[in-house]
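One-letter residues, chain by chain:
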Amino acid sequence: MENLNQEKIFIGVSWPYASGKLHLGHLAGQNIACDIFARYHRQKGNSVLMVSGSDSHGTPIVFKAEELGITPEQLVDSSHKEILETFEKLSLLYEKYTSTTTQNHKEVVQNIFLVLKELGYLYPQKSKQYYDEKVKKFLPDRYVRGTCPECGALDARGDECPVCGKFLKPTDLIDPYSTLSDSKPILKETEHYYLDLKKLEKPIGDWMDTQSKHWRKWVREFSKGWIKEGLEPREVTRDMKYGIPVPIKGWEEKVIYVWIEAVVGYLSASIEWAKSIGQESKWEDFWKDPKCKHYYFIAGGNVPFHTIIWPAQLLAYSEKYSNDSLWDKYKLPGESKRESLNLPWDVPANKMLLYKGKKMSKSDNTGMSVDSLLEKYSPDLIRFFFVRNAPENHDREFNEKDFIDCNNNELVANIGNFINRSLSFVNSKFNNKVPQGQLDLDVKESIESIFKEVGKYIEGCEFVKATEAILKLGNFANKYFNDKAPWISFKDNLSECENTIYNSIQLVNALRILLKPFIPQSIFTLTTLLNIENEYDANIELTETGKVSKSENNWVFVPLNPSHIINDPKILFAKIEEKEL
RNA sequence: CGCGGGGUAGAGCAGUGGCAGCUCGUCAGGCUCAUAACCUGAAGGUCGUUGGUUCGAAUCCAACCCCCGCAACCA
């Protein structure tokens, strides 16, 4: 069925920091939800561009590499590979997953830096910062420690005192020392560029007022709070060699700060994608068509970058298009249209996944790695669990008992049980042949309304509710089967029995189509069990060929014909015994 | 200390002035094609605390307690 109302959907997914493996927070935060959203839209026949990549620059990477005795490049390379492997195991599928280390990214970042500078949004300013003479480095805030001026605690960090919670500047600390060498750092003058966010406060505030109505409440309130407090100019360069050099004469020893650099990846990865499919200007379809909606899947902590700073950069940069000399001088790769860049449509950020009451993070090792979970559980269960229990509006505690309950009560007892009892019945009583029948009115209505409901929820980024709706159909299906009692009518009213089973098989097929974006691997198996051949699937085409060639709406219920022969049933989801814990 | 979110049954949550609800779990009974679902019934709450407004407060107001996140790379 050709999709006549094809929409363009751009999806930017938060760039994982390339300093180690993925942990459960990544899954709860963004990496599962984005994939379900993308798969749904591809299935619907929409044109999707989902990009992300490994955030490969920044001070922590340099320090971690030093600690491991390798170069930052080696650390970043191995992390990038590990991330890609994990994504593949979980069937997380991007149009482009790249890294901030590419030449293309560097070009785009420097282009944006220079344009913002020419437009007067970046200006240089001198300041004094702590410098460690032993290791010959300027120190990031958290690498300076000392006594808290507020409560007297020793070992307070340069950004915050862990004892009294006071927010500090490194220069507030009494008796500061460098965590890199334990020596006393000196204050040394340095010069940096600053992004003049103050100048952008009004336009960003206005944009947010009109745009944020459909955002999650907490994302909206949080972002508006930032604007209300007032935006201050922020440093955008660093005294470091590893990273993207500041493209200005005399600044060769400095790099562009990662917080302004990494978000540019959304644009540079789109440009890289366009190149890789051999259509250099294709990215403009997604970035310059005002009808293309931009969604950013991120985790809580990154909200201000995506609702304030990145939009501010885009808004400022778009002034290039009404300036003849800048337009001539600073074209992005493949750029042909003199039209401004799209701002975020929605930023469906999730809150934190907590483990034993604390947030998971790479830095303190409380986060369980995704790999350790993959050793014990199926990728589809992991996908389903993290979208079913996503911390969309509240922080959420992770525990393995809930994980097993989700498998046993929802995937096994609800969905799996219904599929199995239906297929087994066709197998044992009808020799694998779908019996004659017609769709009952209530079955038809249930299926149609659930399709609408689930679609509406996914499009509104309410994934927990989407899973609830699907489980509701599973519940309806089980009840239908039960109420109709085909095991009784088989003995005394064969045509009624046939009709019941015909309807049950249609419900199985409806669940199959609805669950495709969520648990693709199991659904692939179910498609085989139902002996459905030659069904077009945009996500499978993208997996296999790297691109989608058709625009077909397959988010529709298609009944299976009577007399269709299915294969022998097989258990789709295995029950997990609690004692295995 | 600042900003934001939260505290309702064992767990997860809904509920913005009118009998405290939903999903899952627990217990008992019925039914049984199925990895067991479905039906009926039951247990389980000081709605964080205290005070106030009101005929009436989970809901509005005030003060306080507790948990989580953020402040520039920790999703």
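Residues numbered from 1 in each chain as written. Chains lettered and ligands numbered in written order. Predicted model: local features only at pLDDT ≥ 70, side-chain atom pairs only at ≥ 80, totals over all residues. Heavy atoms only, no water.

### Re the pattern of salt bridges
Working step 1: Following the criterion strictly, the structure yields 30 salt bridges and no others.
Working step 2: Close ionic contact of Lys479 with Asp483 constitutes a salt bridge, the shortest N to O distance being 3.4 Å. With Lys479 and Asp483 both in helix H16 (residues 463-484), this residue pair falls 4 residues apart, about one helical turn.
Working step 3: A network of salt bridges, in which partner residues are shared, links Glu284, Lys288, Lys320 and Glu335. (Salt bridge = Lys/Arg side-chain N within 4 Å of Asp/Glu carboxyl O. Helix = DSSP H or I, 4+ residues; strand = E, 2+ residues; numbered from the N terminus.)

### Comments concerning the nonpolar core
Working step 1: Ile11 and Phe386 are the most contacted members of the largest nonpolar core, which totals 91 residues.
Working step 2: Ranked by the residues each element gives to this core, the list is headed by helix H14 (residues 400-430), at 12 residues.
Working step 3: Domain assignment of the residues forming this core places at least three in each of domain 1 (9-121 + 196-370) and domain 3 (399-580).
Working step 4: Apart from residues no more than four positions distant in its own chain, Phe386 is found in contact with Leu24, Leu27, Ala28, Ile32, Leu353, Leu373, Phe398 and Phe403. (Core = buried A, V, L, I, M, F, W, Y, C linked by side-chain atoms within 4.5 Å. Buried < 20%, exposed > 50% of the residue type's maximum accessible area, 1.4 Å probe, protein only. Domains from an automatic or database assignment. Contact = heavy atoms within 4.5 Å.)

### A few points about the packing of helix H15 (residues 441-459) against H16
Working step 1: H16 packs onto H15 with a crossing angle of 170° between their chain directions and a minimal axis gap of 8 Å. By the angle between their axes, H15 is roughly antiparallel relative to H16. Two packed elements cross with a definite hand, and for H15 against H16 that hand is left-handed. Listed contacts from H16 to Asp442, Val443, Ser446, Ile447, Ile450, Glu453, Val454, Tyr457 and Ile458 of H15 are Phe463, Lys465, Ala466, Ala469, Ile470, Lys472, Leu473, Phe476 and Tyr480.
Working step 2: Tallied by class, the residues present in the contact of H15 with H16 amount to 13 nonpolar, 1 polar and 4 charged. (Axes fitted to C-alpha atoms, helices over the stretch in contact; angles between N-to-C directions. Parallel < 35°, antiparallel > 145°, perpendicular 65-115°, else oblique. Left-handed = near helix turned anticlockwise from the far one by under 90°. Nonpolar A, V, L, I, M, F, W, Y, C, P; charged D, E, K, R; others polar.)

### Details of the packing of aromatic side chains
Aromatic rings in a pair are described by how distant their centres are and how their planes are angled relative to each other.
Working step 1: As enumerated under the stated definition, the model contains 37 aromatic pairs in all.
Working step 2: A ring pair is formed by Tyr321 and Trp327, whose centres lie 5.8 Å apart and whose planes are at 55°; its orientation type is tilted.
Working step 3: The class for Tyr321 is buried, based on a relative accessible area of 7%.
Working step 4: Trp327 sits in the buried class, given a relative accessible area of 9%.
Working step 5: An aromatic cluster of three or more residues is present, and its members are Phe10, Trp15, Tyr266, Trp287, Tyr296 and Trp310.
Working step 6: Lys188 extends its terminal NZ or CZ atom over the ring of Tyr131, reaching a point 4.0 Å from the ring centre.
Working step 7: Directly above the ring of Tyr457 sits Lys456, whose terminal nitrogen or CZ lies 4.9 Å from the centroid. (Phe/Tyr/Trp six-rings, centres within 6.5 Å; stacked < 30°, edge-to-face > 60°. Lys NZ or Arg CZ within 6 Å of the ring centre and 35° of its normal.)

### Quick notes on helix H18 (residues 494-515)
Working step 1: The end-to-end C-alpha separation of H18 is 31 Å, in line with the 32 Å expected for 22 residues at 1.5 Å each.
Working step 2: Of all the 22 residues making up H18, 18 are buried; the element is thus mostly covered by neighbouring parts of the structure. (Expected span 1.5 Å × (residues − 1).)

### A look at the confidence of the model for chain A
Working step 1: On average, chain A scores 88 in pLDDT, and the residues at 70 or more come to 94%.
Working step 2: No element of chain A has a lower mean pLDDT than strand E15 (residues 358-359), which averages 62, and none a higher one than helix H9 (residues 283-287), which averages 97.
Working step 3: The ipTM, which scores confidence in the relative placement of chains, is 0.85 for this predicted complex, and the corresponding pTM is 0.93. (pLDDT = per-residue confidence, 0-100.)

### Notes on the domain arrangement of chain A
Working step 1: In terms of domains, chain A is made up of domain 1 (9-121 + 196-370), domain 2 (124-191) and domain 3 (399-580).
Working step 2: Here the C-alpha centroids of domain 2 and domain 3 sit 59 Å apart.

### Some remarks on the side chain of Ser522
Working step 1: Note that Ser522 resides in helix H19 (residues 520-529).
Working step 2: According to the relative accessible area criterion, Ser522 is buried, its value standing at 9%.
Working step 3: For Ser522, the residues in contact, after removing those within four places along its chain, are Asp380, Leu572 and Phe573.

### Some points on the pairing of strand E4 (residues 122-132)
Working step 1: Pairing between E4 and strand E9 (residues 186-195): 10 bridges, direction antiparallel. Its bridge partner being in E9, Tyr131 is matched across the sheet by Ile186.
Working step 2: The pairing of E4 with strand E5 (residues 137-138) spans 2 bridges and is antiparallel. Within E5, the position partnered with Asp132 by the bridge is Lys137.
Working step 3: Here E4 folds back onto E5 in antiparallel fashion, the turn holding 4 residues, of which Lys136 has a positive phi close to 55°. (Pairing = 2+ DSSP bridges.)

### Observations concerning the sheet that holds strand E8 (residues 174-178)
Working step 1: The sheet built from 3 strands is open, its strands ordered E7-E6-E8 with antiparallel pairing. Strands at the two margins of the open sheet, each flanked by one partner only, are strand E7 (156-157) and E8.
Working step 2: One ladder, built from 2 bridges, connects strand E6 (residues 144-147) with E7; its direction is antiparallel. Paired with Gly146 across the strands is Ala156, a residue of E7.

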